[in-house]
Amino acid sequence: MKIDEIISLCCKQDAKTWSSANKAIIKFIPAKRYTLIVPDTELELFKKITSQRFQILPESQYSKYFEESLFRYLPKNEHSNSRWYLQQFIKLEILNQLEDNKIAVLWDGDTIPLEPINFIDHSGMLQYFIGTENHPPYFETIDRLLGIQKQLPHSFISQNFPIKSQWFQEFKTTIELRFDKSWIEAIINSINFSQNNAFSEYESLGSFIAKNHRDEINFLQDPWQRLGNSLIGDVSLLNSSTAVQKLAPYKYVSFEKWDRAKPVFFKVTIPIFNDQVIKPILAKLLNIRNIRTIYIKFLQSMGTLKIDAGVGIFSCCTVRLESILAFFNQHHTTPKIVDSSTQFSYYKENINENISKDLFAQREDVTIQWDGQPIKITQSSDEQQFSNYHNICFATIAPFIKKYFSPSKLITNTVEQLEASSKIDYENTCVIRYRGTDKEAETVQPSFDQILEKALFIQAKHPSIRFAIQTDDQEFRNFIYRSLGDCCFVVETAAWEGWSGNKDYIDFYSCIFMLSQCKYIITTSGNGELWMMLFRGHSNGVYQFLQPKEFVYGKANPSYKSNQKYFWLES
């Protein structure tokens, strides 16, 4: 189930972490809306480093409700600590302004998710991570405020906090009835400011929820890491191989301002220099053909297959599969490691980012033995993406798809979200995949009417069929919706008009993977279409349009047949 809103607070001191965190939040925590609250003077800074999926709002929009009262009670010796209290009350006021029947997650701006995180389980219960903090002044304030003792042996302070809007309103009402004054005034009056850090919004809300809604919440045992700087040195090293290995056990990591890696020279300066200077120099050396050839051969002798080529996401997948098969056919064994870390560069903002781990699971449990026969994707001599998909060697290819292209947790999680949002019924769905725009340079595409004719043919046999539309062509999308009406729907959640390069590769990849399982598929030809077949594992129920061009990029196309009149390939 998708969260209604993710809410984060951040300031300039944590901007470096936020520049990575905001993208990871969108990737790993599906939500209907993303909100960032920052100091008024820092709005422009955060607009430059934050995804457009986030709405960015000034702190004053919330602090105006309590800032005067807070500073009136805050002792002068605590004014230097005012921001620590200020950001907590901002979070509370945000929750106070939530619409009815919403579920929000407060997510600290200095924290980066590393894996998919579900805050709502399949039964609708909210899930909380466990913290280890136990600061007595927090619970003294909670006792004065709510008359509640510590409810659980662990802490609710875990860098994030899911909550239902109605729970906060109950919390607020309970306080106001108890003290006969506004909830803000009551909380401020309950804090003993002579004590160091005497209030926690997470601990207070958590204690109230544990007391009144214990049967509606669960606790996650997944580990998370608070001392990110101490562990990997610096957030700028997040994508380094060493950091990836160290962070592998954790669901998320925080980079708190007070945490510093020591000694700085060895744990921060040298690793950053290596990552930002030495590695790029080595990468340039490896682009020299002779050096690269020697390097690739050395890696293969060690059982590692290094792959670089490919443009679009499924073009990269095709190159990856072809390279794996070539290795298998040559060495008669599968590679121990398939390194696609430098593939998918079109989708990267950080060149060191390894997108392949977002897509593919590690399947060490799948073994493939050489039986003396070379493996091919298809027996056709045509380019893979423009071949007849009914001739794909599905049986022999299947183990390789399972071992090297099984969906990652992120893809599985995204598919589940797409299934829920689209309410898809695989057995009653026909996919219409129309790849237009730049693909017309490589193959002749069917007319809109030809696609519609095939859709109406299927609809005549199955009147209740729904059509899942997957296209990069806005004109075609408008046409097919006008023609087929309410029985059309779109699975992707990414919002875009036309095709300017779908950078939301997770959504797109998950969509193709998901739609491959539908009853029928009406499709054009290309790498995305090829992978829909490979994920499907067969071509039953597939209607493929394949019309080779006479010339492709100025060269004669050997697949072109001047006397061919019919271009639908049907199972």
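Structure shown above.
Given the structure is predicted, the values throughout are model-derived calculations rather than measurements.

Conventions and cut-offs
Residues numbered from 1 in each chain as written. Predicted model: local features only at pLDDT ≥ 70, side-chain atom pairs only at ≥ 80, totals over all residues. Heavy atoms only, no water. 1 Å grid on protein atoms, 1.4 Å probe; cavity = no way out; pocket = protein on both sides within 12 Å on 5 of 7 lines; lining within 4 Å. Points joined across faces, edges and corners; volume = space filled by probe spheres on them. Helix = DSSP H or I, 4+ residues; strand = E, 2+ residues; numbered from the N terminus. Nonpolar A, V, L, I, M, F, W, Y, C, P; charged D, E, K, R; others polar. Buried < 20%, exposed > 50% of the residue type's maximum accessible area, 1.4 Å probe, protein only. Contact = heavy atoms within 4.5 Å. Pairing = 2+ DSSP bridges. Axes fitted to C-alpha atoms, helices over the stretch in contact; angles between N-to-C directions. Patch = residues over 30% accessible without salt bridge, like charges linked within 9 Å, V, L, I, M, F, W, Y side chains within 5 Å. Areas by Shrake-Rupley, 256 points an atom, 1.4 Å probe, with all protein chains shown as cover. Salt bridge = Lys/Arg side-chain N within 4 Å of Asp/Glu carboxyl O. Expected span 1.5 Å × (residues − 1). Phe/Tyr/Trp six-rings, centres within 6.5 Å; stacked < 30°, edge-to-face > 60°. Bend = angle between axes of the 7 residues up to and from the residue.

A. Inspection of the layout of surface pockets at higher detail. Within this model, the second largest pocket holds a volume of roughly 840 Å³. Every residue lining the second largest pocket is counted, 29 residues in all, and those nearest its centre are Trp 84, Gln 87, Asp 110, Glu 256 and Lys 257. Elements with a minimum of two residues in the lining of the second largest pocket: α5 (82–96) and α9 (201–212). The leading source of residues in the lining of the second largest pocket is α5, at five residues. Classifying every residue of the lining of the second largest pocket gives eight nonpolar, 11 polar and 10 charged.

B. Region of interest: the environment of Phe 119. With respect to the helices, strands and loops of the structure, Phe 119 is situated in the loop between β5 (111–113) and β6 (126–129). For Phe 119, a relative accessible area of 2% corresponds to the buried category. For Phe 119 and Glu 364, which are 245 residues apart along the polypeptide, the C-alpha to C-alpha distance reads 29 Å. Leaving out residues up to four positions away in the same chain, Phe 119 has contacts with Ile 3, Ile 29, Val 105, Trp 107, Met 125, Leu 126, Gln 127, Phe 129, Asn 160 and Pro 162.

C. Up close: the sheet that holds strand β4 (residues 103–107). Here five strands make up an open sheet; going across it, the order is β3-β2-β1-β4-β7 and the pairing mixed. Whereas interior strands pair on both sides, the edge strands pair on one side only; in this sheet they are β3 (54–58) and β7 (160–164). On average, each strand axis in the sheet is tilted by 20° relative to the strand beside it, whichever way the strands run. With respect to the sheet, α5 is in contact with β1 (3–9), β2 (31–38), β4 and β7, its orientation differing from that of β1 by roughly 160°. The strands touched by α9 are β4 and β7; relative to β7, the strand with the most contacts, the crossing angle is about 45°.

D. Seen up close, a nonpolar patch on the surface. Taken together, the side chains of Phe 273, Val 277, Ile 278, Ile 281, Leu 282, Leu 285, Ile 288 and Ile 291 define a hydrophobic patch exposed on the protein surface, amounting to about 650 Å² of accessible area. Of all the elements, helix α12 (residues 264–286) adds the most residues to the nonpolar patch, at six residues. Relative to the assigned elements, Ile 281 resides in helix α12.

E. Expanded view of the pattern of salt bridges. Scanning the entire structure with this criterion turns up 24 salt bridges. The closest approach of N and O atoms between Glu 353 and Lys 27, which form a salt bridge, is 3.5 Å. Note that Glu 353 is positioned in the loop between β11 (337–339) and α15 (356–359) and Lys 27 in helix α1 (residues 15–28), a separation of 326 residues in sequence. For Arg 363, the salt bridge goes to Asp 365, with nearest N and O atoms at 2.9 Å. Several salt bridges share partner residues, and in doing so they unite Lys 27, Glu 353, Lys 357 and Asp 358 into one network.

F. Examining helix α16 (residues 394–405) more closely. Taking 1.5 Å of rise per residue, the 12 residues of α16 would be expected to cover 16 Å, yet its terminal C-alpha atoms sit only 14 Å apart, more than 12% below that figure. Phe 394, Ile 397, Phe 400, Ile 401, Lys 403, Tyr 404 and Phe 405 are the residues of α16 that are buried. Elements in contact with the buried residues of α16: α14 (313–331), β11, α20 (505–515) and α21 (527–536).

G. Local environment of empty space enclosed by the protein. Following the criterion strictly, the structure yields two cavities of 30 Å³ or more and no others. Space inside the largest cavity adds up to approximately 50 Å³. Lining of the largest cavity is provided by Met 1, Ile 3, Ile 29, Pro 30, Ile 117, Asn 118, Phe 119, Ile 120 and Gln 417. Taken together, the residues that form the lining of the largest cavity break down as seven nonpolar, two polar and no charged. Phe 139, Lys 150, Gln 151, Leu 152, His 154, Phe 156, Glu 203 and Ser 207 are the residues that line the second largest cavity. Partitioned by chemical class, the residues of the lining of the second largest cavity number three nonpolar, three polar and two charged.

H. The packing of aromatic side chains, seen in detail. Under the definition given, this model contains 43 aromatic pairs. Centre to centre, the rings of Phe 66 and Phe 89 are 5.5 Å apart; their planes meet at 35°, and the pair counts as tilted. With Phe 66 in the loop between α3 (60–63) and α4 (67–73) and Phe 89 in helix α5, the pair connects residues that are 23 residues apart, well separated along the chain. Using a relative accessible area of 1% as the deciding quantity, one classes Phe 66 as buried. A centroid spacing of 5.5 Å and a plane angle of 55° characterise the contact between Trp 531 and Phe 535, whose relative ring orientation is tilted.

I. How the structure looks around the sheet that holds strand β15 (residues 488–489). The strand order β15-β14-β12-β16-β17-β21 describes an open sheet built from six strands, whose pairing is mixed. Every interior strand has two partners, whereas the edge strands, β15 and β21 (568–570), have only one. Here four bridges tie strand β12 (residues 429–434) to strand β16 (residues 520–523), and the two strands are oriented parallel to one another. Looking at β16, one finds that Val 431 is bridged to Ile 521. Running at roughly 160° to β16, α21 makes contact with β12, β16 and β17 (542–545) of the sheet.

J. Looking closely at α12. The terminal C-alpha atoms of α12, which comprises 23 residues, lie 30 Å apart, in line with the 33 Å expected from a rise of 1.5 Å per residue. Within α12, the axis deviates most sharply at Asn 274, by approximately 35°. Those residues of α12 that sit buried are Val 268, Ile 272 and Asp 275.

K. Up close: the environment of Ala 21. Relative to the elements of secondary structure, Ala 21 occurs in helix α1. Of the residues examined, Ala 21 reaches a relative accessible area of 0% and is grouped as buried. Ala 21 sits 221 residues away from Thr 242 along the chain, and the two C-alpha atoms are 19 Å apart. Setting aside its immediate chain neighbours within four residues, Ala 21 contacts Gly 109, Thr 111, Ile 112 and Pro 113.

Honestly, it's all geometry; don't read function into it.
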